[in-house]
Amino acid sequence: MNKNIDHILPKLVLAPAFVLGLAFIYGFMAWNGLLSVTASRMLPNYELVGLAQYGRLWEMDRWWVALKNLAIFGVLYVGLSMALGIFLAILLDQKVRGEGFIRTVYLYPMALSFVVTGTAWKWILNPSEGLQKVVQDMGWTTFTFDWLVQSDMAIYCVVIAGVWQSAGFAMALFLAGLRGIDDSIIKAAQIDGASLPRIYLRIVLPALSPVFFSTLMVLAHLAIKSFDLVMALTSGGPGYATDVPATFMFAMSFSRGQIGLGAASATIMLATVAAIVVPYLYSELRSKPR
Amino acid sequence: MKFPVTLGAALVAAMLATACGKKEEAAPVAATPAPAAAPAAAPQQTVEVLHYWTSGGEAKSAAGLKAMLEAKGHLWKDFAVAGGGGENAMTVLKSRAVSGNPPTAAQVKGPAIQEWANEGMLTSIDSVAQAEKWDELLPKVVADVMKSKGSYVAAPVNVHRVNWMWANPEVLKKAGVDGMPKTWDEFFVAADKIKKSGNVALAHGGQNWQDFTVFESVVLGVGGPQFYTDAFVKLDPAALTSPTMTKALTTFRKLKGYTDAASTGRDWNMTTATVIQGKAGFQFMGDWAKGEFTAAGQKPGEGFLCAAAPGTANAYTFNVDSFIMFKLKDEAAQKAQADLASAILSTAFQEVFNQNKGSIPVRLGHDMSKFDDCAKLSAKDFVDTAKSGGLVPSIAHGMAVEPAKQGAIQDVVTQFWNDDKLSVADAQKRIAQAAAAK
């Protein structure tokens, strides 16, 4: 009798979470996929139109702008956050005084939501209130920094704010990785006469590759689903110059009464995230002993 | 609709900003159910009304409506969803409707009314409309928006005029401009003078809906009401590709030179504040801007000036808020809908509500003696243009065409405003394409 309960209990306890996850994650994914092949406008309907919504999507100038922005933002945001993160982590690893304090300062932006980051940087980058005005008031009157209001530069403002937010997080991960490296290897290298840059390049950084990979995963999917940062910082503007797929999807589904089109763009985002996450999960799960 | 937000509310709104980009950033969805509804045994019918009147003056007016209905024996259940433009409210409404549990009535406007009707969700309120002679009470263009297949399915609440030009008299005086410009040519002369005097000539908030609001007034001023109707109501390709549209686009682009560098993404009320503070001369914005001036303690004619946008004195772009009535089985609920519709159109409600809101009553021939001068001018022009055919629906505010096309055209307009590399000819071609797209 008792043995039976022991056998059933774990399954019983896990069942609600499993069912909810199945319904509200995979169920909705499937529903989204279904909607994307229907003629849904303001409300969902189930008149099937094949891939027509995808066809319309790829003909839209605004969708291409959103994709181009995602490419610029994704590459720069992930690349710069990681580069800056490694750099800061290496500097902090030199046994500096007040490390705890400095680490907190760097890591703190991560405690803010992207919305707060976006709002703060919206003021900082505003040419008539923020950085540009401050520098000009200090006497450098020819100083200009008005990327936020230029349609071809505004996306780089999003990158700046995003990197500011996430570099500390990357640093924390890399620092943990650095601390986990066996000192004896480094000492051995030192005895062999290797210089410090060489030790880092040849021993430390390769040893960090698992951390590197995890950070890449986290940042890349943050970049693809980035929505709040763009909304708070630029609302997709000027015009729709800083639209990303997530803001595009929201606009189409909920303001434009184009649910089918929005669902098609959501499916493409899902496919993009899956293309990154699935191989990662696969490699993670396979390497673990069963 | 739009309303001034306090700093706190603005901050909350910004922090929780959802995707609108249009109008106010929306605050979080906050359904506030009234205190426990009566037990099932009670004979009264609960009227559940979804609206987005959540700012001070508007909320007061909603309370007035509640009192009127409770006097008729109905229980009012408030279903207020914050967010100036009502986009959150629409999202909530859709989820309720899809789940088969729509409220009694909801605040929905423009061609979206017909979209809801086409989904088979709305009920006819013709019995009230006929008894109270709505067809005579309302201008035909407004009544048409409220109808689906010839039956009234929505009750109009108010009329906002969109083609307003606001100005700071001090700034004009300093620059040597006397009087409000009547044509676009006069406007540019005046704007040059203001620019020379060291102020910003045109206060503009560069959000996509604001770009579109200005463009709509430019098209109306350059082409007149008939052209506007052809282009933005009928979406006639001949009008959209005509030289008149070319001229409108050229005029629109010229305006950008008179705005300040920080206009991009600025909220409309912050933009109005620059006029109030005397930093800028003119602003093109609907009459909700009046609330900002009066809240700053200014009086029309003294602290600020109002006039129709250049070239549009004989025309009127309207933006009408309204309530749609959902199809409900219960007979008592249908009675409640009729009473609600009747209360909305009553003179008492129209008078109080519109004074709070900055708009004017939708009833033709309403006594305007208690309203301010701008509202009086608005009411006079409303009646006159209803007769002359100059009364046209605002495309930028969702009154003229369905949301999908409106959005597609808005995309081009805002892109044209922000990207100097996009030529007039290309923009014109793309507007025509956007209007033709399905």
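Just above, that's the structure.
Owing to the predicted nature of the structure, the values given are computational and were not obtained by experimental measurement. (Residues numbered from 1 in each chain as written. Chains lettered and ligands numbered in written order. Predicted model: local features only at pLDDT ≥ 70, side-chain atom pairs only at ≥ 80, totals over all residues. Heavy atoms only, no water.)

A. How the structure looks around the sheet that holds strand 7 (residues 164-167) of chain B. Residues and elements named next belong to chain B. Pairing in this open sheet of four strands is mixed, and the strands run 8-9-7-10 from one edge to the other. With partners counted over all chains shown, the strands left at the sheet margins are strand 8 (200-203) and strand 10 (305-308), one partner each. Adjacent strand axes in the sheet meet at a mean angle of 20°, parallel and antiparallel pairs treated alike. Sheet analysis places strand 7 next to strand 10, joined by four bridges and oriented antiparallel. Along strand 10, the bridge assignment pairs Trp 166 with Cys 306. (Pairing = 2+ DSSP bridges. Helix = DSSP H or I, 4+ residues; strand = E, 2+ residues; numbered from the N terminus. Axes fitted to C-alpha atoms, helices over the stretch in contact; angles between N-to-C directions.)

B. Expanded view of the interface of chain B and chain A. Each side of the interface is counted separately: chain B has 35 residues, and chain A has 30 residues. Here chain B meets chain A over a buried area of about 2800 Å², counting both sides, of which 57% is carbon and sulfur. The interface formed by chain B and chain A includes five salt bridges. The interface formed by chain B and chain A contains six residue pairs in polar contact (both at pLDDT 80 or more). Taken together, the elements giving at least two residues each to the side of chain B that touches chain A come down to helix 1 (7-15), helix 3 (87-98), helix 4 (112-118) and helix 18 (403-418) of chain B. No other element matches helix 18 of chain B, which puts eight residues into the side of chain B that touches chain A. (Contact = heavy atoms within 4.5 Å. Buried area = accessible area lost by both parts, 1.4 Å probe. Salt bridge = Lys/Arg side-chain N within 4 Å of Asp/Glu carboxyl O. Polar contact = N/O pair within 3.5 Å; in protein donor to acceptor, adjacent residues only side chain to side chain.)

C. Spotlight on the nonpolar core. All names here are of chain B. By size, the foremost hydrophobic cluster in this structure holds 68 residues, and its most contacted members are Trp 116 and Trp 134. Among the elements that line this core, the one with the most residues is helix 15 (residues 331-345), at seven residues. With residues up to four places along the chain from it excluded, the contact list for Trp 134 reads Ile 125, Val 128, Ala 129, Tyr 152, Ala 154, Ala 155, Pro 156, Ala 341 and Leu 345. Ranked by size, the runner-up nonpolar core spans 57 residues in total, among them Ala 201, Leu 240, Ala 248 and Ile 395. (Core = buried A, V, L, I, M, F, W, Y, C linked by side-chain atoms within 4.5 Å. Buried < 20%, exposed > 50% of the residue type's maximum accessible area, 1.4 Å probe, protein only.)

D. Highlighting the pattern of salt bridges. As enumerated under the stated definition, the model contains 24 salt bridges over all chains in all. Note that A:Arg41 and B:Glu402 form a salt bridge whose closest N and O atoms lie 3.0 Å from each other. Here B:Glu402 lies in the loop between strand 12 (391-393) and helix 18 and A:Arg41 lies in the loop between helix 1 (2-35) and helix 2 (52-59), a pairing that spans two chains. By relative accessible area, which is 25% here, A:Arg41 ends up partly exposed. Here B:Glu402 falls in the partly exposed class, since its relative accessible area comes to 28%. Here B:Glu351 and B:Lys370 are joined by a salt bridge, their closest N and O atoms 3.6 Å apart. Taken together, the positions of B:Glu351 in helix 16 (residues 347-357) and B:Lys370 in the loop between helix 16 and helix 17 (373-388) put the pair 19 residues apart, joining distant regions of the chain. Look at B:Glu351 and you get buried, because its relative accessible area is 16%. When its relative accessible area of 60% is taken as the criterion, B:Lys370 is described as exposed. Within the structure, one salt-bridge network assembled from shared partners comprises A:Arg62, A:Asp243, A:Arg256 and B:Asp411.

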